[in-house]
Amino acid sequence: MTNFFTYQVYKDGKWIDLFLERNPRFASSLNNPVFRRQSIPGFFTIPFDAPVRGNAAILGHPEQSNNKSNQFNCIARVKLGDVTLCCGQIKVLKASYKKYRLTFQDNQGVFKDLVENKSIRDLCTQMVQIPCEVTDQVKIKLSPVFGTPDPNVFPNPITINGQTYTFVFVSAFDQDDYMQELVSQINADPGQTASAVFFGGCVLVEDSINTPIIIDSLDPNSDLWFIDDRLNLLLDFGDCMQDFLNANLANEANEPYVFPVIQNQSAYNSEDGSETYSGYVNYFYDGTYLVNSDESTAFAYPVSPQVKFTYVKECIEAATGFELKGEFWELPEVDKLLFYNNVLLDREGKVEIYGNLGGTPDTFDANFYNLNFDIADHLPDITIQQFFDFIQKKFGVVFKFDKFSKCIEFNLYNDIATKSAIEDWSELVCSPGEICYDQKRGYTFKHTKPKGDQKEQESDYIVEGGENTILTGFSTLSQFSGFDTNNFRRWKTPCVLDVATTPLFGIGENDFGTQIYFWNGLQNDSINTPYPLGSTDNLNFDGEVLCDFSLNWASTDEQVGTYEYFWEKWTNKDINGKDINVKLRPSLKFLAKYDHCTPFFIRIDDVQQCVILKSLGLNADECNFIEGNAKLRTI
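About the criteria used
- Residues numbered from 1 in each chain as written.
- Predicted model: local features only at pLDDT ≥ 70, side-chain atom pairs only at ≥ 80, totals over all residues.
- Heavy atoms only, no water.
- Helix = DSSP H or I, 4+ residues; strand = E, 2+ residues; numbered from the N terminus.
- Contact = heavy atoms within 4.5 Å.
- Areas by Shrake-Rupley, 256 points an atom, 1.4 Å probe, with all protein chains shown as cover.
- Buried < 20%, exposed > 50% of the residue type's maximum accessible area, 1.4 Å probe, protein only.
- Polar contact = N/O pair within 3.5 Å; in protein donor to acceptor, adjacent residues only side chain to side chain.
- Salt bridge = Lys/Arg side-chain N within 4 Å of Asp/Glu carboxyl O.
- Pairing = 2+ DSSP bridges.
- Expected span 1.5 Å × (residues − 1).
- Disulfide = S-S within 2.5 Å.
- Core = buried A, V, L, I, M, F, W, Y, C linked by side-chain atoms within 4.5 Å.
- pLDDT = per-residue confidence, 0-100.
- Axes fitted to C-alpha atoms, helices over the stretch in contact; angles between N-to-C directions.
- Parallel < 35°, antiparallel > 145°, perpendicular 65-115°, else oblique.
- Left-handed = near helix turned anticlockwise from the far one by under 90°.
- Nonpolar A, V, L, I, M, F, W, Y, C, P; charged D, E, K, R; others polar.
- Phe/Tyr/Trp six-rings, centres within 6.5 Å; stacked < 30°, edge-to-face > 60°.
- Lys NZ or Arg CZ within 6 Å of the ring centre and 35° of its normal.

Caption draft 1: Region of interest: the overall build of the chain. Along its length, the chain carries twelve helices and 41 strands. Sequence-distant contacts, at least 24 apart, represent 68% of the contacts inside the chain between residues at least 6 apart. If you sum the accessible surface of the chain, you get close to 29,000 Å²; carbon and sulfur atoms cover 46% of it.

Right, dumping it as structure tokens:
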């Protein structure tokens, strides 16, 4: 006799029935994710026993002594009659030489195991190299040379930091003409100028491009410091960073990060207040990013990449093998979402200025850049489970795990509220039970206050009595609209007062919470010059609507708030709904068609009710279903 239900394991390209003990029972529960506060709860059957005989080869012999310490998981599915209830894995909890203790876990349980304690930083690590040919300053100490030196004392050429240099020796008679020619060569190069007083009879020349490095010394009898100052390093680091920022702006659709302007008065928060600071991160003016390019602006324009929301989605898919799709990811606004972070690419360096190359240099601190960074350092330190939870609570999203494949749909509460019931399942109800009216149906929608940010936060949004709290781990950035502190223009930027940090600069910690905002690309300021705009709301400086909703809970005359866009239709239904407890015996047809986001009809006391299933205790024996308890919700 074939059992009404079977556990099957996928092995060698086919599904194989597990051998079960006599008179087996199946027990589990269906809990609608629409009503749960945890986004990925996992689905398990009650643990059951299976004999070793007939199952050992299927499960991989977990009873063997050399295997007992291993965790045994097999791709599996549960079938009820001819209906596949769900797919997932069989887990071997305990193995002896007579029997196995097993449990079944569906796809959402498998996913939960993969992500529950995994930080998105762990999944999204990716190094970015900023193109730049400059190296740190090279210093070579040599003695003055007249004529041709002994090669044993003065090797020529010489290799320093991987670069080869050749010394060209000239006589005192030729030196004036030779130096004039060298200076002409440098001045012929666009953007390069040079002048020199020449003593000592030698000039340092770089082989690869044959460009001289001019030596300035006031004392021909002193030791000379030959300084690789052909490239002004501070300028070059700035040029490399500026080119990188502008290239990203041109190709931002292809990168996981962008650089919107952020007002942050505390970006450099030195104890002695010596660093001057303009007030903005990723500063943009007159068609280009401005960077720390010389001593006068050494700390004026810090840089921080802001990572795209959808990049985390791609990381999760790549790491878990699950596809994330659905209505939420199809919203164009979701493509615009960014995670805020305060980790700078700036780093502190030393610059030496020689008045007399034979003397002691003047040294000052300057702003250089870290020319590589890990994207993961610019993401909040939250688990994937938290990432899902925060999306659920901020954007009113229900997660639907596919029964058969590794796919998760992100559906919207408001869409569920507008669906029509087309199936009548009254025949499944064995007897009606108690009807419950919950008196605490109001909602309070709240953001988690970001760590360290002193800006005033958005007020909570209260619906009806506000008894039930929806607290999302996401928070929004404050918005600043006013005068640019550097120029006579008005513009709009996101605003924070937490201290921007960098491991290489040695200030603060990169613990910046979980804040989100929109990337709007280039938008005009008050004098019609474009700049890269980030915003919490959906308007540019001129009041033009840039997307369908704001990240603020409340709606205004100009914009639709997050509550109205994502939650309002559902909460209106939920506040007025009631719970109905019934005895229900599901059919195979019901299980095959059951969708937790789709309502259905039942008739109780000749009154037709539109309901969705909140929970169902699913029980079966070897022959058929056993009557179970169900909780329904009217909508």
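Caption draft 2: Quick look at the side chain of Q105. Within the secondary structure, Q105 is located in strand β7 (residues 99-106). Judged by relative accessible area, which is 0%, Q105 ranks as buried. Of note is the side chain of Q105, whose polar atom sits 2.7 Å from the side chain of Q89. A polar side-chain atom of Q105 sits 3.1 Å from the main-chain carbonyl oxygen of G109.

Caption draft 3: Summary view of the pattern of salt bridges. Across all of its chains, the model carries twelve salt bridges by this definition. The residue R489 makes a salt bridge to D525 at a minimum N-O spacing of 2.8 Å. Of this pair, R489 sits in the loop between β33 (478-483) and β34 (490-496) while D525 sits in the loop between β35 (515-524) and β36 (530-535), and the two are 36 residues apart along the sequence. Owing to a relative accessible area of 1%, R489 belongs among the buried residues under this scheme. In this structure, D537 engages K492 in a salt bridge whose closest nitrogen and oxygen atoms are separated by 2.8 Å. Separated by 45 residues along the polypeptide, D537 in the loop between β36 and α11 (562-575) and K492 in strand β34 bring together distant segments of the chain. The same class applies to D537 and to K492, which are both buried. Three or more residues are tied together by salt bridges with common partners; here these are D574, D579, K614 and R633.

Caption draft 4: Fine view of the sheet that holds β34. Strand order in this open sheet of four strands is β17-β16-β34-β33, and the pairing throughout is mixed. Edge strands, defined here as strands with exactly one partner in the open sheet, are β17 (280-281) and β33. Where β33 lies against β34, six bridges are found, and the strand directions are antiparallel. Looking at β34, one finds that F480 is bridged to T493.

Caption draft 5: Looking closely at unusual backbone geometry. For D12, which is not glycine, the phi dihedral falls at a positive 55°. Judged by relative accessible area, D12 falls into the exposed class, the value being 70%. Residues other than glycine seldom take positive phi values, yet N282 does so here, at roughly 60°. With respect to the secondary-structure elements, N282 resides in the loop between β17 and β18 (284-285). On the accessibility criterion, N282 (1% relative accessible area) is buried.

Caption draft 6: Spatial organisation of the environment of Y594. The residue Y594 is located in the loop between α12 (588-593) and β38 (600-604) in this model. The spatial distance from the C-alpha of Y594 to the C-alpha of L85 is 10.0 Å, given a sequence separation of 509 residues. Each residue touching Y594, except ones within four places of it in the same chain, is listed here: L30, N32, K403 and L613.

Caption draft 7: A look at helix α6 (residues 309-320). With twelve residues, α6 extends 17 Å from end C-alpha to end C-alpha; this agrees with the ideal 16 Å at 1.5 Å per step. Taken together, the buried positions of α6 are F309, T310, Y311, V312, K313, C315, I316 and T320. Positioned one or two residues after α6, G321 has a phi angle of 80°, which is positive.

Caption draft 8: Representation of the state of the cysteines in the model. Under the counting rule described, the total for this entry stands at one disulfide. Disulfide pairing is shown between C132 and C240; the S-S distance is 1.9 Å. Because the sign of the S-S torsion sets the handedness, a value of about 75° for the bond joining C132 and C240 places this disulfide among the right-handed ones. Here the residue C132 occupies a position in the loop between β8 (127-129) and β9 (139-142), and C240 occupies one in helix α5 (residues 233-250), the gap between them amounting to 108 residues. For C240, a relative accessible area of 12% gives the class buried. Left without a disulfide partner, C86 is nearest to the cysteine sulfur of C87, which lies 7.1 Å away.

Caption draft 9: How the structure looks around the nonpolar core. F309, F328, F387, F388, I391 and F395 are the most contacted members of the largest nonpolar core, which totals 103 residues. The dominant element in this core, judged by the number of residues it contributes, is helix α9 (residues 384-395), at six residues. Grouped together as the second largest cluster of nonpolar side chains are 46 residues, L18, L20, A56 and I604 included.

Caption draft 10: How the structure looks around the confidence of the model for the chain. The predicted model of the chain averages 77 in pLDDT, with 74% of residues at 70 or higher. Ignoring residues within four places in sequence, the model shows residues 170-175, a span with pLDDT below 50, making five contacts including any to other chains. Taken as a whole, residues 354-359 scores under 50 in pLDDT and shows 14 contacts with residues more than four places along the chain or in a different chain.

Caption draft 11: Local environment of the packing of α6 against α9. α9 packs onto α6 with a crossing angle of 135° between their chain directions and a minimal axis gap of 12 Å. As the angle between them shows, α6 and α9 are arranged oblique. Crossing hand, α6 versus α9: left-handed. Side by side, α6 and α9 meet where F309, V312 and I316 of the first sit next to I384, F387, F388 and I391 of the second. Looking at the contact of α6 with α9, its residues break down into seven nonpolar, no polar and no charged.

Caption draft 12: Expanded view of the packing of aromatic side chains. Going through the model one piece at a time under the given rule, you end up with 48 aromatic pairs. Considering the side-chain rings of F259 and Y289, the 6.5 Å spacing of their centres and the 80° angle between planes classify their relative orientation as edge-to-face. Of the two residues, F259 is situated in the loop between β15 (257-258) and β16 (262-264) and Y289 in strand β19 (residues 288-289); the sequence distance between them amounts to 30 residues. Assessed through its relative accessible area of 0%, F259 is described here as buried. Geometry around W491 places R489 over its ring, the cationic atom sitting 4.1 Å from the centre. Above the face of the F483 ring, R490 is positioned so that its terminal group lies 4.8 Å from the ring centre.

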